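# Residue-level structural notes
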Amino acid sequence: MNATSSAAAAGRIVLLTTSHRVAPGLLSWPAWQALHAADRVLCADGAHPQLPYLREAGIAVAEDAPTAEELVGACGGGHTVVVVATGEGEPALTDGLARLAGSGRVQMPELELLPASYDLPGARLLDLVQVMDRIRAECPWSSRQTHQGLAKYGIEEAYELVEAIEDGDRDELREELGDVLLQVVFHSRIAEEDPQAPFSVDDVAAGIVTKLIHRHPHVFGDATASTPEEVKEHWLRTKAVEKRRTSVTEGVPLGQPGLALAAKLASRTRTAGLDVPLPRREGVGYELLALAVRAESEGVDPEAALRAAARAYRDAIRRTEEAARRDGPAREG
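Residues numbered from 1 in each chain as written. Predicted model: local features only at pLDDT ≥ 70, side-chain atom pairs only at ≥ 80, totals over all residues. Heavy atoms only, no water.

## Re helix α6 (residues 124–138)
The test is simple: The secondary structure listing takes helices from DSSP runs of H or I that are at least 4 residues long and strands from runs of E that are at least 2 residues long, numbered from the N terminus. What a helix should span is 1.5 Å times the count of its residues minus one. With a 1.4 Å probe rolled over the protein chains alone, any residue whose accessible area is under 20% of its type maximum counts as buried; one over 50% counts as exposed, and the rest are partly exposed. Within this analysis, the arc is defined by the directions that extend from the helix axis to the C-beta atoms. Contacts between residues were defined by any pair of non-hydrogen atoms, one from each residue, lying within 4.5 Å.
With 15 residues, α6 extends 21 Å from end C-alpha to end C-alpha; this agrees with the ideal 21 Å at 1.5 Å per step. Of the residues making up α6, those classed as buried are Asp127, Met132 and Arg136. Down the axis, α6 shows its buried residues gathered within 165 degrees of arc, on one side only. Along α6, the residues that are exposed and aim more than 90 degrees away from the buried face are Gln130, Arg134, Ala137 and Glu138. Close packing links the buried residues of α6 with α8 (170–191).

This is the structure in structure tokens:
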């Protein structure tokens, strides 16, 4: 028997993997081909979500968890066995097959790993929603939280995200984005329980999707925009129609940091083409207002500029402290 016929006689093992983030039964065409052509189809988990759909399609699935040796034996004579992997991916079985192959004493079947369904971009967000749902139901702390009680954490996480961006720390940026995302999912989960006006994370996502599509007619419609300025014009025009505001100051949160508030008001005023003189009064507040308006007109974020200056000041303080610690014993001597 030559090598080709020997390999054919050893048969074939197909390890079929699926994603729990994709609806059961939505499998790739190569997966369905492999399932229909198999001599045996095995699955260790009798409650696997794919099984009802496989059986509905005429696939006979046996609930069985063979050892590596048993599986190799089942492939003898050129048979093909498909193993529908459980959520863990059958590590014990694959480790056992690797040991058999490494021993050199067994004629191994052809082994194929066949992904039957793939995660789409954003699929892991489904995991986050499920984890948050369980935490809300079972965690003594999380189950008692309210929108009001969590508000301060939203502010803290937003500032930590800004700090990670300004520091240029990629690992920290990824983590802080996750913390901000958690706030969205947490608040959405709490909102589901409201007796008068409940909404879910799906409602939140649907709302922002609708808004983005509507405010980007140059992407999803017939409008054209070739510059960032034209994009901003589209955005402001559609936003004005949506909000139907009577003043450019509407929608500007007064609780934000003072410099950011001043810059936002200046931006709204400049965009609307209004000529509004600054209040002429004495005091540091009015001096800061004038500086913030000047910064905005020059394209500078006054909050970011002040934070950068404050970090430089912090570094200078630390250098002074370090010098004092270093020189202190010498002066005492």
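## Some remarks on the side chain of Thr86
Assignment of secondary structure puts Thr86 in the loop between β4 (80–84) and α5 (91–103). Note on Thr86: relative accessible area 16%, which makes it buried. Filtering out sequence-adjacent residues up to four positions away, Thr86 remains in contact with Ala44, Asp45 and His48.

## Section: helix α13 (residues 284–297)
Across its 14 residues, α13 extends 20 Å between first and last C-alpha, which sits within 8% of the 20 Å expected from 1.5 Å per residue. Looking one or two places after α13, you find Gly299, whose phi comes out positive at around 80 degrees.

## Focus: the packing of helix α7 (residues 147–167) against α8
Operational definition: All axes here are fitted lines through C-alpha atoms, helices being fitted over the stretch that makes contact, and every angle between N-to-C directions spans 0 to 180 degrees. By the definition adopted for this analysis, an angle is roughly parallel if under 35 degrees, roughly antiparallel if over 145, roughly perpendicular if from 65 to 115, and oblique otherwise. The hand of a helix crossing depends on one turn: near helix anticlockwise from the far one by less than a right angle means left-handed, and clockwise means right-handed.
Between α7 and α8, whose axes approach to 9 Å, the crossing angle comes to 160 degrees. As judged from the angle between their axes, α7 and α8 are roughly antiparallel. Crossing handedness for the pair α7 and α8: left-handed. Across from His147, Leu150, Tyr153, Gly154, Glu157, Ala158, Glu160, Leu161, Ala164 and Ile165 in α7, the residues of α8 making contact are Glu172, Leu173, Glu176, Leu177, Asp179, Val180, Gln183, Phe186, His187, Ile190 and Ala191.

## Remarks on the environment of Glu90
Let me state the cut-off plainly: We call two N or O atoms a polar contact when they sit within 3.5 Å, provided that within protein one can donate a hydrogen and the other can accept it, with sequence-adjacent residues counted only if both atoms are side-chain atoms.
Residue position: Glu90 is located in the loop between β4 and α5. Residue classification places Glu90 among the buried positions, given a relative accessible area of 13%. There is a polar contact of 2.9 Å between the side chain of Glu90 and the backbone nitrogen of Thr86.

## Structural notes on the pattern of salt bridges
Rules: Take a side-chain nitrogen of Lys or Arg and a carboxyl oxygen of Asp or Glu: if they are within 4 Å of each other, that pair is a salt bridge.
Counted according to the given criterion, the structure contains 18 salt bridges. Its salt-bridge partner being Asp64, residue Arg40 comes within 4.0 Å of it at the nearest N-O pair. Taken as a pair, Arg40 in strand β2 (residues 40–43) and Asp64 in the loop between β3 (61–63) and α4 (68–74) lie far apart in primary sequence, 24 residues in all. What makes Arg40 partly exposed here is its relative accessible area of 38%. Given the relative accessible area of 33%, Asp64 is considered partly exposed. Arg189 is the partner of Asp133 in a salt bridge, and the nearest nitrogen-oxygen pair spans 2.7 Å. Highlighted residues: Asp133 in helix α6 and Arg189 in helix α8, separated in sequence by 56 residues. Overlapping salt bridges, with partners in common, bring together Arg21, Asp119, Arg124 and Asp127 in one network.

## Comments concerning a nonpolar patch on the surface
Stated formally: Patch membership requires over 30% relative accessible area and the absence of a salt bridge. Like charges are linked within 9 Å, and nonpolar side chains (Val, Leu, Ile, Met, Phe, Trp, Tyr) within 5 Å. What sets the accessible areas is the Shrake-Rupley method with a 1.4 Å probe; for residues, cover comes only from the shown protein chains.
On the surface, Ile208, Val209, Leu212, Ile213, Val219 and Phe220 cluster together to form a nonpolar patch covering roughly 530 Å² of accessible area. Residue assignment for the nonpolar patch shows that the elements contributing at least two residues are α9 (201–214) and α10 (217–220). Top element by residues in the nonpolar patch is α9. It accounts for 4 residues. Topologically, Ile213 is positioned in helix α9. With a relative accessible area of 40%, Ile213 lands in the partly exposed category.

## Description of the confidence of the model for the protein chain
Operational definition: The predictor reports its confidence for every residue as pLDDT, a score running from 0 up to 100.
Per-residue pLDDT for the protein chain has a mean of 90; in total, 96% of the residues score no lower than 70. Ranking the elements of the protein chain by mean pLDDT puts helix α1 (residues 3–10) last with 61 and α8 first with 96.

## A word on the packing of aromatic side chains
As a reminder of what qualifies: Stacked, tilted and edge-to-face are the three classes applied to pairs of Phe, Tyr and Trp rings, where Trp contributes its six-membered ring and a pair requires centres within 6.5 Å; stacked means planes under 30 degrees apart, edge-to-face means over 60, and tilted covers the rest.
Enumeration over the complete set of coordinates arrives at 2 aromatic pairs. For the pair Trp141 and Tyr153, a centre-to-centre distance of 6.3 Å together with 75 degrees between the ring planes defines the contact as edge-to-face. Highlighted residues: Trp141 in the loop between α6 and α7 and Tyr153 in helix α7, separated in sequence by 12 residues. Taking relative accessible area as the criterion, Trp141 reaches 45% and is therefore assigned partly exposed. Centre to centre, the rings of Trp141 and Phe186 are 6.5 Å apart; their planes meet at 65 degrees, and the pair counts as edge-to-face. Taken together, the positions of Trp141 in the loop between α6 and α7 and Phe186 in helix α8 put the pair 45 residues apart, joining distant regions of the chain. Three or more aromatic residues joined by ring pairs make a cluster, and in this case those are Trp141, Tyr153 and Phe186.

## Concerning the environment of Ser297
Structurally, the position occupied by Ser297 is in helix α13. Through-space distance from the C-alpha of Ser297 to that of Tyr159 is 24 Å; in sequence the pair is 138 residues apart. Of the polar contacts made by the side chain of Ser297, one reaches the backbone oxygen of Arg294; its length is 2.6 Å.

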